[in-house]
Amino acid sequence: MKKLIMALAIASVSMGAFAQDNDPVQKYSVATNSFWSNWFIQVGGDWNVWYSAQEHHADNHNGMGFFGGERRTFGGALAIGKWFTPGIGLRTKLQAWQGKNIPAYTPDAIKFDEWILNEQVMLNLSNLICGYNPNRVWNLIPFFGGGVSRNMSDNLYAMQLSVGLQSTWRLSSKLNVYLEAGFNRFEDDFDGTLAQTTKSGSIVKRGWESHDNNVYGEIGLTFNLGRATWDKVPDVDAIKALSQSQIDALNAQLNDANAENARLKNLLDEQSKKEEAPKAVSEFVNTPVSVFFNINHADIASQKDLVNVQALAKYAKENGSKLNVTGYADSATGTAELNQKLSEARAATVADELVKLGVNRSNISTVGKGGVDELSPVSFNRRATVQVAE
């Protein structure tokens with residue numbers, strides 16, 4: 001009775017720890033890791049009790065209880081496993097110990113050496129119920145499975161089923177300590193003792209009493225191999241939103257380019273009308289002619305902008321006039337220092353074009369005005385102007 005009370009107390013403490021795992025995390029899906037991730041090795045020591053099918057309801061047990069010292073033995077366990085998700089894993093476990101069989105009509109225990117090899121499914125209830133948390137200290141893991149066993153003393157083999165509950169505590173990302181309670185169920189003659197009858201001459205086998213049974217407690221260490229954590233599945237909605245923002249930016253650039261093309265087309269149409277019905281040069285030479293540039297560049301964006309510049313160059317050559325070239329940058333981008341240098345470079349580029357068109361270099365003056373915000377859209381500020389000096 002005392003041992004039962006102690007077991008219930010331990011269970012209560014464990015469930016209390018489970019309830020007080022006050023590091024809540026939002027549940028989310030995790031990505032499947034590679035085959036070589038989330039492996040572990042467990043090494044532990046066992047406390048075992050053997051209860052043979054042949055001693056159930058026998059007339060004399062000499063006061064031996066289920067957990068009596070006459071039954072207890074110690075052994076070892078070694079397991080290797082892998083978590084395929086934070087909540088589901090498999091392990092292969094080997095246990096070896098010396099069992100003590102208590103025959104029905106003798107007080108002396110019969111010892112035999114045995115080992116069992118189980119394949120078991122493990123369920124991490126902490127992760128399945130509360131959500132995956134890589135920093136959780138305590139985890140509750142029931143397991144079940146089956147395998148093969150051998151009685152080495154009598155050279156007997158048998159199949160068996162296993163079930164149990166494991167409680168683990170995290171010491172570090174690579175090391176856990178665990179406590180485990182388990183039950184193995186064997187065929188009724190695995191321990192080498194044949195069926196016996198009671199004094200009435202009948203063979204008694206009911207329920208779990210029809211098989212040999214092993215109950216064990218285990219304490220040990222779990223060593224995590226390689227990567228032992230899980231990545232969150234990428235947020236598809238966030239990726240879509242990012243892609244949409246990039247598409248919107250490209251559309252804005254396309255609209256800007258279309259507006260620039262429309263402006264150039266209007267300039268060409270106006271120039272064509274002027275050539276069809278020429279006016280006095282004095283009507284347009286005093287109006288600045290603009291040449292436009294791409295952002296952060298000092299190369300002329302379109303050679304079409306040089307149409308009006310050619311007319312000014314021709315006028316300057318024929319009349320010996322001086323030309324003023326003024327460069328600009330948009331103040332919306334770049335630093336003041338960078339925009340000043342960019343505006344001067346744009347003015348120099350247009351001056352070089354004028355020289356190519358035959359204007360004497362000494363008749364050309366250049367100046368950079370830096371970054372400005374005079375025109376809309378902002379791309380129209382990326383320009384250089386040419387004007388006949390007054």
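Refer to the structure presented above.
Values in this document were obtained by computation on a predicted structure and should not be read as measured data.

**Student:** Where do I start with the sheet that holds strand S12 (residues 383-388) in this structure?
**Tutor:** What links the strands of a sheet is backbone hydrogen bonding, and the strands pair in either a parallel or an antiparallel sense. Strand order in the open sheet made by the four strands is S9-S12-S10-S11, with mixed pairing throughout. Two strands bound the open sheet, and with one partner strand each, they are strand S9 (289-292) and strand S11 (364-372). Here the average twist between neighbouring strands, direction ignored, is 20 degrees. Inspection of the sheet shows strand S10 (residues 323-330) paired to S11 by seven bridges, in the parallel sense. Pairing of asparagine 324 across the sheet is with serine 365, part of S11.

**Student:** Where do I start with the nonpolar core in this structure?
**Tutor:** Soluble, globular proteins show a tendency: their nonpolar side chains are buried together. Judged by nonpolar contacts, the single largest core of 21 residues is most densely connected at Leu354 and Val386. Mapped onto this core, the elements with two or more residues apiece are S9, helix H4 (306-319), S10, helix H5 (336-356) and S12. Top element by residues in this core is H4. It accounts for six residues. If near-sequence neighbours (up to four positions away) are discounted, valine 386 is found in contact with Thr287, Pro288, Val289, Val309, Leu312, Leu323, Asn324, Val325, Val350 and Leu354. Counting residues in each nonpolar core, the second largest holds eight residues, with Met122, Tyr132, Phe143 and Trp230 among its members.

**Student:** What am I meant to see in the environment of glycine 226 here?
**Tutor:** Assignment of secondary structure puts glycine 226 in the loop between strand S8 (213-225) and helix H3 (236-276). According to the relative accessible area criterion, glycine 226 is partly exposed, its value standing at 45%. For the pair glycine 226 and tryptophan 36, spaced 190 residues apart in sequence, the C-alpha separation works out to 7.5 Å.

**Student:** When you look at the packing of aromatic side chains in this model, what are you seeing that I'm missing?
**Tutor:** Here a ring pair, both rings aromatic, is described through the centre-centre distance and the interplanar angle of the planes. Per the stated rule, a full pass over the model turns up eight aromatic pairs. For the pair phenylalanine 40 and tryptophan 83, a centre-to-centre distance of 6.2 Å together with 35 degrees between the ring planes defines the contact as tilted. Taken together, the positions of phenylalanine 40 in strand S1 (residues 39-51) and tryptophan 83 in strand S2 (residues 73-83) put the pair 43 residues apart, joining distant regions of the chain. Considered together, phenylalanine 40 and tryptophan 83 belong to a single accessibility category, that of buried residues.

**Student:** Whenever I open this one, the sheet that holds strand S4 (residues 110-123) confuses me. Can you help?
**Tutor:** The antiparallel closed barrel is built from eight strands, whose spatial order is S1-S2-S3-S4-S5-S6-S7-S8. Within this sheet the neighbouring strands show an average axis-to-axis angle of 25 degrees, counted without direction. Note: strand S3 (residues 88-101) against S4, 14 bridges, orientation antiparallel. Counted as the bridge partner of asparagine 101 is isoleucine 110 from S4.

Criteria and cut-off values
Residues numbered from 1 in each chain as written. Predicted model: local features only at pLDDT ≥ 70, side-chain atom pairs only at ≥ 80, totals over all residues. Heavy atoms only, no water. Pairing = 2+ DSSP bridges. Helix = DSSP H or I, 4+ residues; strand = E, 2+ residues; numbered from the N terminus. Axes fitted to C-alpha atoms, helices over the stretch in contact; angles between N-to-C directions. Core = buried A, V, L, I, M, F, W, Y, C linked by side-chain atoms within 4.5 Å. Buried < 20%, exposed > 50% of the residue type's maximum accessible area, 1.4 Å probe, protein only. Contact = heavy atoms within 4.5 Å. Phe/Tyr/Trp six-rings, centres within 6.5 Å; stacked < 30°, edge-to-face > 60°.

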